[in-house]
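Architecture and fold: a report
Next come the chains, spelled out residue by residue.
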Amino acid sequence: MPRQVRDVVFVDGVRTPFGKAGGMYADTRADDLVIRCIRELLARNPQLPPDRVEEVAIAATTQIGDQGLTIGRTAALLAGLPKSTPGFSIDRMCAGAMTAVTSVAGGIAMGAYDVAIAGGVEHMGRHPMGEGVDPNPRILAEKLVDPSALVMGATAENLHDRAPRITKERADAFALASQVKTAKAYADGKLQPDLVTMAVRDPATGWGLASTDEAPRETSMEKLATLKTPFRPHGKVTAGNAAGLNDGATASLIAAEDVARELGLPVAMRMVSFGYVGVEPEVMGVGPIPATEKALRIAGLGIEDIGLFELNEAFAVQVLAFLDHFGIADDDPRVNPWGGAISVGHPLASSGVRLMTQLARQFAENPQVRYGITAMCIGIGMGGSVIWENPAWEGDK
């Protein structure tokens, strides 16, 4: 007898402050970052019995050292979940945490379990992207991809080539706006509720607390214009209009909606649809465009139905290409209203849940908005997009 597919909801999400690679988390283990997030989720939701968490999916791009060893399982044990709680690890590069969420959502929808934790961690200071990898020589020898596909910054330069209307000045202006929006979000207390403090140790000064992101900085168009273009002489991609190299972790509670309401858990967002696609690896930044088209098609929606966008700012050009394709202005207030990865950082596999957590907060503040999107480009030529529904939407009342 076929089972009825259940509605899946985003209950809650948290993250550590994001640090610069080799910065405030230089002496902090990667697994301790995600363990801290899991413990905080349990503490913030005491009505959830720990034994009701039936799966833990944690993503890491570089699955080695302290972010290897099936980190979903080991983090679950170290966070104090019962030994009966299974876990696994995921790698879909930048969309690791996003894939963790959609993977457990599938299990919940099918009735395999009721409640799961999904998130991601990346300690790029300890484990730079690509550490220990051994790409098959066929990839280049048989010209399966352009050699630039293996360097993310080079793919951003390629995207600039294909979209000459996206100038360096336009990318810099978008990056500056990200910094300004994040500064305002901090000043207005928007980001702090979902940041969990981390104990950190500095060999010179001793123990302290990490309570805010390390990456945001004051800048200007004049300063941005002077930055080097490391991926190509006289190029357009700089450290100012791209996300940095970062350390950090995220975690979220995902549940069947009926179970969440039974347990008295908050229902922050309802999952509508999601889509992952492959694109030419040398222009991986276009990935969110067909991924979003796929998610919209599955949901029976159009881009005009989307009232809020959380788009990962791996590179400014990638977001601008998305906006151009869908006819959205660079300064549309629906897009990344609290800034994005250019300002707060992008610890690869953890970022998907940051997007979701921020969208959930924005839903609560905007009951006139029914649908929102979290989307991101993914290394080696992919894109991912998830459409969410606002349970606080006034149209239901």
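Residues numbered from 1 in each chain as written. Predicted model: local features only at pLDDT ≥ 70, side-chain atom pairs only at ≥ 80, totals over all residues. Heavy atoms only, no water.

1. Section: the environment of Leu301
Worth spelling out the cut-off: Secondary structure follows DSSP: runs of H or I at least 4 residues long count as helices, runs of E at least 2 residues long count as strands, and numbering of each begins at the N terminus. Exposure categories follow from relative accessible area, calculated using a 1.4 Å probe and restricted to protein chains: below 20% of the type maximum is buried, above 50% is exposed, and the middle band is partly exposed. Any pair of residues with heavy atoms lying within 4.5 Å of one another is described as a contacting pair.
The topology assignment puts Leu301 in the loop between helix H9 (288-299) and strand E10 (306-311). When its relative accessible area of 19% is taken as the criterion, Leu301 is described as buried. Taking the C-alpha atoms as reference points, Leu301 and Ile387, 86 residues apart in sequence, are found 9.7 Å from one another. Contact partners of Leu301, with chain neighbours within four places excluded, come to Leu296, Tyr371 and Ile387.

2. With respect to the UniProt feature "domain: Thiolase C-terminal" (unreviewed entry) in the protein chain
To keep it simple, the criterion reads: UniProt positions are given in the numbering used here, feature names are shortened, and annotations may be inferred rather than shown by experiment.
If you check UniProt for "domain: Thiolase C-terminal" (unreviewed entry), the listed places come out as residues 268-389 in our numbering. Between the C-alpha atoms that bound residues 268-389 there is a distance of 9 Å. The span itself is 34% helix and 26% strand.

3. Describing helix H2 (residues 71-78)
So the rule is basically this: The arc in question is the one traced by the directions running from the helix axis out to the C-beta atoms.
Here H2 has its buried residues at Ile71, Gly72, Ala75 and Ala76. Taken around the axis of H2, the buried residues stretch over an arc of 130°, which confines them to a single face. The inward-facing, buried residues of H2 abut helix H1 (30-44), strand E3 (53-59), strand E4 (87-90) and strand E5 (115-123). Phi turns positive, to about 100°, at Gly80, one or two residues after H2.

4. Focus on the packing of aromatic side chains
As a reminder of what qualifies: Centre distance within 6.5 Å is the pairing criterion for rings of Phe, Tyr and Trp, where only the six-membered ring of Trp is used; planes under 30 degrees apart are then read as stacked, over 60 as edge-to-face, and the remainder as tilted.
If you walk through the whole model with that rule in mind, you get four aromatic pairs. Residues Phe10 and Trp388 carry aromatic rings whose centres are separated by 6.0 Å and whose planes lie at 80° to one another, so their mutual orientation is edge-to-face. Here Trp388 lies in strand E12 (residues 382-389) and Phe10 lies in strand E1 (residues 8-15), a separation of 378 residues in the sequence. Comparing Phe10 with Trp388 shows no difference in burial state: the two are buried. Ring plane angle 55° and centroid distance 4.8 Å describe the contact between Phe322 and Phe326, whose orientation is recorded as tilted. Note that Phe322 and Phe326 are positioned in helix H10 (residues 316-326) at a spacing of four residues, about one turn of the helix.

5. Remarks on the pattern of salt bridges
Let me state the cut-off plainly: We define a salt bridge as a side-chain nitrogen of Lys or Arg found within 4 Å of a carboxyl oxygen belonging to Asp or Glu.
All told, the structure shown has 23 salt bridges when counted by the stated rule. When the shortest N-O distance is used, the salt bridge between Glu40 and Arg36 registers 3.3 Å. Note that Glu40 and Arg36 are positioned in helix H1 at a spacing of four residues, about one turn of the helix. Take Arg36: its relative accessible area is 25%, and that puts it in the partly exposed class. A salt bridge links Arg361 to Asp194; the shortest N-O distance between them is 2.9 Å. With Arg361 in helix H12 (residues 351-365) and Asp194 in the loop between helix H6 (168-187) and strand E6 (198-202), this residue pair connects regions lying 167 residues apart in the sequence. Overall, the relative accessible area of 7% leaves Asp194 in the buried class. Residues joined in a network through salt bridges with shared partners are Glu257, Arg261, Arg270, Arg370 and Glu389.

6. So, the packing of H9 against H10
Just so we agree on the cut-off: Only the contacting stretch of a helix is used when fitting its axis, a line to C-alpha atoms as for every element, and angles between N-to-C directions run 0 to 180 degrees. Throughout this description, any angle smaller than 35 degrees is read as roughly parallel, any larger than 145 degrees as roughly antiparallel, any in the 65 to 115 degree range as roughly perpendicular, and the remainder as oblique. Residue polarity is assigned by list, with Asp, Glu, Lys and Arg as charged and Ala, Val, Leu, Ile, Met, Phe, Trp, Tyr, Cys and Pro as nonpolar; anything else, Gly included, falls into the polar class.
Where H9 meets H10, the axes come as close as 9 Å, and the angle between the chain directions of the two elements is 45°. Here H9 is positioned oblique relative to H10, judged by the angle of their axes. Residues Pro288, Ile289, Thr292 and Glu293 of H9 lie in contact with H10, whose contacting residues are Gln318, Ala321, Phe322, His325 and Phe326. By residue class, the composition of the contact of H9 with H10 is five nonpolar, three polar and one charged.

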